[in-house]
Amino acid sequence: MLDFLREEEINENLIDEIEQFRKYYNVKPDLRYRIPNPKYNYYGKDIWEEAITVLLCGENLLLVGPKATGKNVLAENLAAAFQRPIWNISFHVNTDSSSLIGTDTFKNGEVVLRHGPIYECAIYGGFGVLDEINMAKNESIALLHATLDFRRIIDIPGYEKIPLDDATRFIATMNYGYAGTRELNEALASRFMVIQMPSISFANLKKLLRREFPNMKEEYIEQFAGLFKDIQKKSESSEISTKPLDLRGLISSIHLMDKGLDAFKALQMGITNKSFDSFEQQLVEDVIRLRIPEKLKRGEIFTD
Ligand SMILES: Nc1ncnc2c1ncn2[C@@H]1O[C@H](COP(=O)(O)OP(=O)(O)O)[C@@H](O)[C@H]1O
Ligand SMILES: [Mg+2]
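Just so it is clear, the structure is predicted and the values come from calculations on it, not from any experiment. (Residues numbered from 1 in each chain as written. Chains lettered and ligands numbered in written order. Predicted model: local features only at pLDDT ≥ 70, side-chain atom pairs only at ≥ 80, totals over all residues. Heavy atoms only, no water.)

Asker: I would appreciate a short explanation of the pairing of strand β1 (residues 61–65) in the present structure.
Answerer: A regular strand places its side chains so that they alternate between the two faces of the sheet. Taking burial as the measure, the 5 residues of β1 include 5 buried ones, the bulk of the element. Taking every second residue as pointing to the same face, both faces of β1 are buried, with Leu-61, Leu-63 and Gly-65 on one and Leu-62 and Val-64 on the other. In this structure, β1 lies alongside strand β8 (residues 169–175), joined through 5 bridges in parallel fashion. Its bridge partner being in β8, Leu-62 is matched across the sheet by Ala-172. (Buried < 20%, exposed > 50% of the residue type's maximum accessible area, 1.4 Å probe, protein only. Helix = DSSP H or I, 4+ residues; strand = E, 2+ residues; numbered from the N terminus. Pairing = 2+ DSSP bridges.)

Okay, here's the thing in structure tokens:
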């Protein structure tokens, strides 16, 4: 990971400090399996430098942006760079305090506290990824306030006080900018340093595709990156929704093409069909047709 940061020309002083952090804070051997080994690298030098600085200063980080801006990829990359065990805590479901801190359970006739992810992350110096924190229900907001407090002790009624390890950090993500997203309450927001995540640049998108598909012809690196940017423009100008703007879907589609499926069918599954509105599907297909011939075969896209 640090070699990657050097390739991306991240400030060398920051990389030195990450190395010191790693030396200073150990990870218990039985938690090493939680240190991520990311499948994707995050591309974006400025965002990397901002995020690293925030974490080195001991602050919590909130990543805000539309979907597929690499929020979760960055969070995981940060844990890998700092070599910290990660706990993913999702707020989709009816997450309440006890599922986050722990619940009393019976074991051999005794009551014992089964530790939840916040508890473990707090005491073991983890990086806790609070995914889609704006979806948190009132049930867990009081706990989040306590967890993210600058005093670094989780102190809520009914539980023992839980001190945060010095290496513990919380990185929250929040989708914003399309229908159905919720605001984050002000008191929670004030506990974070906030990065507005930009959408991936054209140059970085090509880098990502080259790395994911080393056998793809440069001409098609250009076309697929261009296609994503075309869809993005249509979505930004509200001609279409954000549903077909799906980078993960694009990457998966290209994997299907690599397996031999026609490009158009592959893009239908990965991009077009993410919209359930036939008028919008038509618009997206038109955008695709401008760059990708309907009967495009595998051999034209890939070199081997
Ligand atoms: N700047 C970026 N660098 C690397 N990958 C990115 C970037 N932006 C988006 N992606 C890609 O977008 C997809 C979705 O990433 P993810 O982190 O799940 O997004 P989010 O959490 O913002 O919705 C992944 O395939 C990821 O590789
Ligand atoms: Mg996400």
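So much for the structure itself; the text now carries on.
Asker: Can you walk me through the site of ligand 1 in this structure?
Answerer: What surrounds ligand 1 is a group of 16 residues, the closest being Tyr-43, Ala-68, Lys-71, Asn-72 and Arg-248. In this structure, Ala-68 approaches ligand 1 through a main-chain N or O atom, which is 2.8 Å from an oxygen atom. The side chain of Arg-248 places a nitrogen or oxygen atom 2.7 Å from an oxygen atom of ligand 1. Relative to its unbound accessible area of 560 Å², ligand 1 is 96% covered by the protein chains. Counting atoms within 2 Å of the grid points, the majority share of ligand 1 lands in the largest pocket. Residues of the shell around ligand 1, tallied by class, amount to 9 nonpolar, 4 polar and 3 charged. There are two domains that each give the shell around ligand 1 at least three residues, and those are domain 1 (2–196) and domain 2 (202–301). (Near = heavy atom within 4 Å. Polar contact = N/O pair within 3.5 Å; in protein donor to acceptor, adjacent residues only side chain to side chain. Areas by Shrake-Rupley, 256 points an atom, 1.4 Å probe, with all protein chains shown as cover. 1 Å grid on protein atoms, 1.4 Å probe; cavity = no way out; pocket = protein on both sides within 12 Å on 5 of 7 lines; lining within 4 Å. Sits in = over half its atoms within 2 Å of the grid points. Nonpolar A, V, L, I, M, F, W, Y, C, P; charged D, E, K, R; others polar. Domains from an automatic or database assignment.)

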